[in-house]
Each structure stands twice: as structure tokens, then as C-alpha cells.
Amino acid sequence: MDYLELGYEPKDNELLSCMVVKAENLKKAANDIAGESSIGTWTELKTMKSEIYKKLKPRVYEINEMGKEGDTNIGLIKIAYPLDTFEPNNMPGTLAGIAGNIFGMKSLNGLRILDFRFPKEFIKCYSGPKYGIKGIRKLLNVMERPLVGTIVKPKVGLNSEEHAKVAYNSWIGGCDIVKDDENLVSQDFNKFEGRLHKVLECRDKAESETGEKKIYMPNITAPYREMVRRAELVEDAGCEYAMIDVVVLGFSAVQQIREEGFNFAIHAHRAMHAAITRSREWGISMLALAKIYRLLGVDQLHIGTVVGKMEGGKDEVCSIRDEIVLEDVKEDNKNKFFNQKWHGLNNTFPVSSGGVYPKLVPEIVNIFGKDVIIQAGGGIHGHPEGTVAGARAMRASVEASIEGIPLSEKAEEVSELKKALEYWK
Ligand SMILES: O=C(O)[C@@](O)(COP(=O)(O)O)[C@H](O)[C@H](O)COP(=O)(O)O
Ligand SMILES: [Mg+2]
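Cut-offs applied
Residues numbered from 1 in each chain as written. Chains lettered and ligands numbered in written order. Predicted model: local features only at pLDDT ≥ 70, side-chain atom pairs only at ≥ 80, totals over all residues. Heavy atoms only, no water. UniProt positions renumbered as here; feature names shortened; annotations may be inferred. Near = heavy atom within 4 Å. Polar contact = N/O pair within 3.5 Å; in protein donor to acceptor, adjacent residues only side chain to side chain. Areas by Shrake-Rupley, 256 points an atom, 1.4 Å probe, with all protein chains shown as cover. Nonpolar A, V, L, I, M, F, W, Y, C, P; charged D, E, K, R; others polar. Domains from an automatic or database assignment. Contact = heavy atoms within 4.5 Å. Buried area = accessible area lost by both parts, 1.4 Å probe. Salt bridge = Lys/Arg side-chain N within 4 Å of Asp/Glu carboxyl O. Helix = DSSP H or I, 4+ residues; strand = E, 2+ residues; numbered from the N terminus. Pairing = 2+ DSSP bridges. Axes fitted to C-alpha atoms, helices over the stretch in contact; angles between N-to-C directions.

As annotated in an unreviewed UniProt entry, the chain carries the name Ribulose bisphosphate carboxylase and is attributed to Methanothermococcus okinawensis. The record in UniProt for the chain states the following under Sequence similarities (unreviewed entry): "Belongs to the RuBisCO large chain family. Type III subfamily." UniProt's Subunit (unreviewed entry) comment on the chain is quoted here verbatim: "Homodimer or homodecamer. In contrast to form I RuBisCO, the form III RuBisCO is composed solely of large subunits."

**Here we look at the site of ligand 1**
The immediate surroundings of ligand 1 are formed by 16 residues, with Lys155, Arg270, Lys309, Ser353 and Gly355 found nearest. Within the side chain of aspartate 181, an N or O atom sits 3.2 Å from an oxygen atom of ligand 1. Between ligand 1 and histidine 269 there is a distance of 2.8 Å, counted from an oxygen atom to a side-chain nitrogen or oxygen. A total of 480 Å² of accessible area belongs to ligand 1 in isolation, and the protein chains cover 94% of it. Residues belonging to the shell around ligand 1 are distributed by class as follows: three nonpolar, seven polar and six charged.

**Here's the deal with the domain arrangement of the chain**
A common way to report how large an interface is uses the accessible area buried once the components associate. In terms of domain boundaries, the chain breaks down into domain 1 (14-123) and domain 2 (132-423). Placing a centre on the C-alpha atoms of domain 1 and another on those of domain 2 gives a separation of 34 Å. Taken together, the contacts link 28 residues of domain 1 with 30 residues of domain 2. Together domain 1 and domain 2 conceal approximately 2,500 Å² of surface at their shared face, both sides included; 63% is due to carbon and sulfur atoms. Between aspartate 115 and lysine 291 there is a salt bridge whose closest N-O contact spans 2.9 Å. The interface formed by domain 1 and domain 2 contains 17 residue pairs in polar contact (both at pLDDT 80 or more). Contributions of two or more residues to the side of domain 1 that touches domain 2 are made by strand S1 (15-23), strand S3 (72-81), helix H3 (91-98), strand S4 (110-117) and helix H4 (120-123). Of all the elements, S4 adds the most residues to the side of domain 1 that touches domain 2, at eight residues. Considering only residue class, the side of domain 1 that touches domain 2 consists of 17 nonpolar, five polar and six charged.

**What about the sheet that holds strand S5 (residues 147-151)?**
Read from one edge of the open sheet, eight strands run S7-S6-S5-S15-S14-S11-S9-S8, paired in parallel fashion. The open sheet is flanked by strand S7 (215-217) and strand S8 (241-245), the only strands paired with a single partner. The average angle at which neighbouring strand axes cross in this sheet is 25 degrees, direction not considered. Pairing of S5 with strand S6 (residues 177-179), which is carried by three bridges, proceeds in the parallel orientation. Residue glycine 149 lies in a different strand from S6, and its bridge partner there is isoleucine 177.

Pasting the structure below:
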């Protein structure tokens, strides 16, 4: 058992991984996982040198038995990896090791990575978010309330004029932010470049009419070189944001687009995350992914609503929020399995989206406080009186919630909210 060192005290500069493992023999499984994720393989190597082993060997320093399912034992396992194992500033390469082959090992009946602890030396190799919550609030000049956002709906199918019109109505009604949907890119019926310029024209109009700063988040997701070309269009057009689908783009593209040095803020949509994060048997937790995306530099990230249409319980969502917002995160051994210091790296603005409508807003504000971007697509464009009314109702519900005013009371003042509360009981 080359990598078992139970009770070992990890060094501050080691990268740590925590996972739930299901296997007949937990010690053997933990040993094999440690080997396969770093310097080892299924048999002893005649090519292995003692200095490699000494310098790079991972250590399984904790195995906590959690029970049995038939002959299968379940355990919480922690592994410490020396930093020399990794190429600094190469996230895809790092993950190919610590979150790569191990998921395919026959000897396992389950493997779910719950959390990573990134040491200071590792964090310092990454850009992190350009703006973070403070920078985004300054950009929008909104300091004391959640930001109100919408997604133009239907997701795809509108042409660029129609898309811009919906955006304009959302801003006039009170949205701070309008974004493209995750699957709207540059389809023939709504080409990226035309859409960008038409929507920004409407943004300028809405800003002058409302006196408020308004934001458009165009989706630049595309094969990498084309994505960079679209990013340049966004930058040249003076648009302060770009949206990317981080999971489907891959860690390399996310890291690189941030390191290209564009000025815009990056909004991260996580479409496909649930294929990796949802199973409790296999995969990687959303919390672990969120930490990686903070490192890679996204300014905003979808993390769940608890009360809306997407999966994600309160404990888990709040833990993810802590990991992307706080400077110094304390472990709770429920979702957060390490104390994580972020060493001054900017934080990432949590986005609460998915099946949101005005009635749900007080609970969302209760869970997240003011530092959250609350987005509604159907909850605005499905309002019986249309988009402007839907946006007014959402804005009013957010303002009332942060001021502690019951929605029923605010609804006496804002008829569109009253209508929404009647419509979506
Ligand atoms: O397409 C949608 O479903 C949304 O645009 C929400 O629209 P609605 O407001 O109409 O539901 C977002 O993509 C989800 O929020 C993604 O989920 P998550 O935020 O959990 O990643
Ligand atoms: Mg969407």
C-alpha cells in the first residue's frame, strides 16, 4: 500500500482532495485512486525512481467509514498531493490527474469528488475574477440590493430585432441585466454580430430613458478561435460583459478567455453541470467545480435558487455561495470539507436563476442576502401583461424583499406585482 499514510498532517502547500468512495476494500481503493491520479498504475513499475516516489507521492491521510451497501463499503477519503505533481497555471492538466482516469476504475462502485483545497502557491498561478462583487456593483452603480436580471425568452427563435425589443422592454421595466440564453449563439435567424449591435442600441436608449446603468450579456460561446473573435466584437462595441457556457467550453477555454485580458466581466452559465454534479454516486460536486471557476476567473456564476426549478438544496447552495464569495472559508464537513483561504483572489457574484418568479424572491433574498443576482426568464416574459410588467413585478419584489416589506403590501403599490402574485400562486 504505497500511498496510505493515515494520520499524516498535510502541508499548507499541498493540494487536497476529498471524495466519497464506494468499494469492497476501501484501503485498497483509496491507495489505487491516489496512485492512478498521480504517479502510479495497476502494477509495480520498474521505471519508477525512488526520488520521483519521494517527491511526488500522494498521501491518503484520512479514511472515514460511512457504512455499507451489501459487500460495498462507503468511505470519505482525503488525499494530499505535492504541488510539484502539477504544472502551475494548467487547470486541464491538473484535472486530468486528480479528476481523470479514477472515475473509470473497475474496482470502484462509486466515486464522487466533494471538495478540493487549493494552496496559496497554486492560487497565485491563476487570474481569478477581474471584477468580483465589488467591481460589478461599481460597474452597475448598484450597492445595496440584489441585481435583477432576465434571460430573453424564448431561448432561441426570435430574430435580432425581436430579441432587442424584448431586452429593451426588460430594461424599461426595471431589469439591470439582460442576457442571452445558454443555447443562443449565432443561429441563422439571430446572428451574433447583428444581435450585439441592435441590443446595445436598445441598451443605450433604455439607459437614457431610465437614468440607470443597464447591462447586456451576449453569449460568445463557440469553438475557441471564433469565441475570441466574438469577444473582440463585444469589446470593440463597448459592451461591459460577455457570457460563456463554462462546462461545455471546457476548463482550457475558460482559463484562456480570461487570460486573453479582455476588459469585460465574465458571466458563467453552467449548462451540462448536472451531468457531472447531480449523481451522488459518481462525479464532482458543484462546490468543487465552483471553486475551479472562481480560480479561472469568472465574475458571476449560476449556483442555484433552492426554491426554483433546478436541483440544489439549501445547505449545498449556501456552501457553494460561501466558496465563491468569502475570502476565508471554514469547513463544515457537510459540503465544505476543507478550510479554504483565497489569498486575496477576487470573489465571484452568485447567480440565482431557474424557475424564479416574484413570489419566490423573499426566500431567495433570505437565503443569499443582498449579494446575489436574481434572474427570471419565464418569471418575467410569462407575466400576463408582458415583459415590461413582468420586469416591474420582479424589480418591485426584489426591492421589497431587501427592505423587508411583505410582497402583499408592495403589491398594493405596484399593480404588476399584484398581477404576478395572483397569476403564479
Ligand atoms: O434556461 C433556463 O432555464 C434559464 O435561462 C432560466 O430560465 P427561467 O427563468 O425561465 O427558468 C437558466 O438557463 C437556468 O437558470 C439555468 O439553471 P442554473 O441556474 O441552475 O444553472
Ligand atoms: Mg437558460
